[in-house]
Amino acid sequence: MSKLSKPSVAELRPVVHPAGVKDRRSGEHWAGRLYMREISLRWTRHLVNTRITPNQLTHLMVVAGVAAGAVLLVPGPVGAILAALLIQLYLLLDCVDGEVARWRKQTSITGVYLDRVGHYLAEAALLVGFGLRAADLFRAEGAAPNWMWAFLGTVAALGAILIKAETDLVDVARSRSGLPAVKEEAAVPRSSKLALARRAAAALKFHRLVGGVEASLVILVVAVADTVRGDLFFTRLGVAVLAGIAVLQTLLHLVSILASSRLR
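Residues numbered from 1 in each chain as written. Predicted model: local features only at pLDDT ≥ 70, side-chain atom pairs only at ≥ 80, totals over all residues. Heavy atoms only, no water.

Visitor: For this particular structure, what's the right way to read the nonpolar core?
Guide: Nonpolar side chains in soluble globular proteins tend to be buried together. Core analysis: the biggest nonpolar cluster contains 49 residues, and Leu126, Leu127, Phe130, Val210 and Leu242 have the highest contact counts within it. Broken down by element, this core gets its largest block of residues, 10 residues, from helix α4 (residues 77-104). Once residues lying within four places of it in the same chain are set aside, the contact partners of Leu242 are Leu127, Phe130, Ala156, Leu209, Val210 and Ala215. (Core = buried A, V, L, I, M, F, W, Y, C linked by side-chain atoms within 4.5 Å. Buried < 20%, exposed > 50% of the residue type's maximum accessible area, 1.4 Å probe, protein only. Helix = DSSP H or I, 4+ residues; strand = E, 2+ residues; numbered from the N terminus. Contact = heavy atoms within 4.5 Å.)

Visitor: In this structure, what is going on with the packing of helix α5 (residues 109-134) against helix α9 (residues 233-259)? I would like to understand it.
Guide: Two quantities define a packed helix pair, namely the angle between the axes and the distance from one axis to the other. At a minimum axis distance of 9 Å, the contact between α5 and α9 shows a crossing angle of 140°. When the interaxial angle is binned, α5 and α9 end up oblique. In the crossing of α5 with α9, the sense of the turn from one axis to the other is left-handed. Residues Leu127, Phe130, Gly131, Arg133 and Ala134 of α5 form the contact with α9, whose participating residues are Thr235, Arg236, Gly238, Val239 and Leu242. Taken together, the residues that form the contact of α5 with α9 break down as five nonpolar, three polar and two charged. (Axes fitted to C-alpha atoms, helices over the stretch in contact; angles between N-to-C directions. Parallel < 35°, antiparallel > 145°, perpendicular 65-115°, else oblique. Left-handed = near helix turned anticlockwise from the far one by under 90°. Nonpolar A, V, L, I, M, F, W, Y, C, P; charged D, E, K, R; others polar.)

Visitor: Sorry if this is basic, but what is going on with the environment of Leu242 here?
Guide: Structurally, Leu242 can be placed in helix α9. Since its relative accessible area comes to 2%, Leu242 is described here as buried. With 32 residues separating them in the primary sequence, Leu242 and Val210 have C-alpha atoms 6.2 Å apart.

Visitor: Quick question: what am I supposed to make of the packing of helix α1 (residues 9-16) against α4 here?
Guide: Viewed as axis vectors pointing N to C, α1 and α4 meet at an angle of 90°, and their least axial separation amounts to 9 Å. Considering their axes alone, α1 and α4 lie roughly perpendicular with respect to each other. Touching Glu11, Leu12, Val15 and Val16 of α1 are Glu99, Arg102 and Trp103, all from α4. Here the contact of α1 with α4 is composed, by residue class, of four nonpolar, no polar and three charged.

Visitor: Explain the side chain of Glu214 to me, please; I cannot follow it from the model alone.
Guide: Its place among the elements puts Glu214 in helix α8 (residues 212-229). In this view, Glu214 contacts His29, Trp30, Arg208 and Leu209; residues no more than four positions away in its chain are not counted.

Visitor: What is the right way to look at the environment of Ala101 in this model?
Guide: In this fold, Ala101 is placed in helix α4. In this structure Ala101 comes out as buried when scored by relative accessible area, which is 7%. Setting aside residues no more than four positions away along its own chain, Ala101 makes contact with Pro54, Gln106 and Thr107.

Visitor: Whenever I open this one, the environment of Ala225 confuses me. Can you help?
Guide: Within the secondary structure, Ala225 sits in helix α8. Note: C-alpha distance between Ala225 and Pro77 (148 residues apart in sequence) is 9.3 Å.

Visitor: It is not clear to me how unusual backbone geometry should be interpreted in this structure. Could you clarify?
Guide: Of all residues except glycine, most have a negative phi; of all peptide bonds, most are trans. For Lys105, which is not a glycine, the phi torsion comes out positive at approximately 60°. Mapped onto the fold, Lys105 is located in the loop between α4 and α5.

Note that every value here comes from positions in space, so none of it alone points to a role or purpose.
Encoded structure:
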């Protein structure tokens, strides 16, 4: 293969999807395992020989994620559809940036850092946008905006950020203590009762609803329901539910970390 020819998907796969990338349950999103990693390979093969850098792709990922929250200010199902599409683009770019970096051997600490910051910003923006949508910022119902819903959306966003921060800070604490990165099996709580509760929560997967992909689908469903009903009832119900889940999951996740071997 010449330097400027596009690699085939078969050539890309073993390099950009090394063992463990698609199988890491704690790090790979279900949508990545289900379909997006296969789609991203088709995009990556067209990008690896361009001047676009992995970090530039990460910047585009952040823009797509934040834009998903912004377009929720468009009333009706149009805003929700645009948000869901932008979140899919965000997920695609989240796959492509790492794949391009691995193919070119340009992986870096800066890239990992930007990727994590991008996740924080995108998911927070989506939930804040959902809250502003529920507040009826542009008075689709004719009344003044109800800022309580914007507050609840912000609570959901803060919870989503804290859940990620709790996980990331494990590695920070271990690094500052001179310990190696945590292994996945250390996440199991030492208490058998807490371990059972953790397995039950993982089986229900309700905590995923505050994630970008899942939240965008919830927003789309409630937008359609509100279109049928003719008001913002389901959007506001969705904001309240996601805020409650975010607060509860923030507390449960913290307890789970403290009760596990991740900090030992």
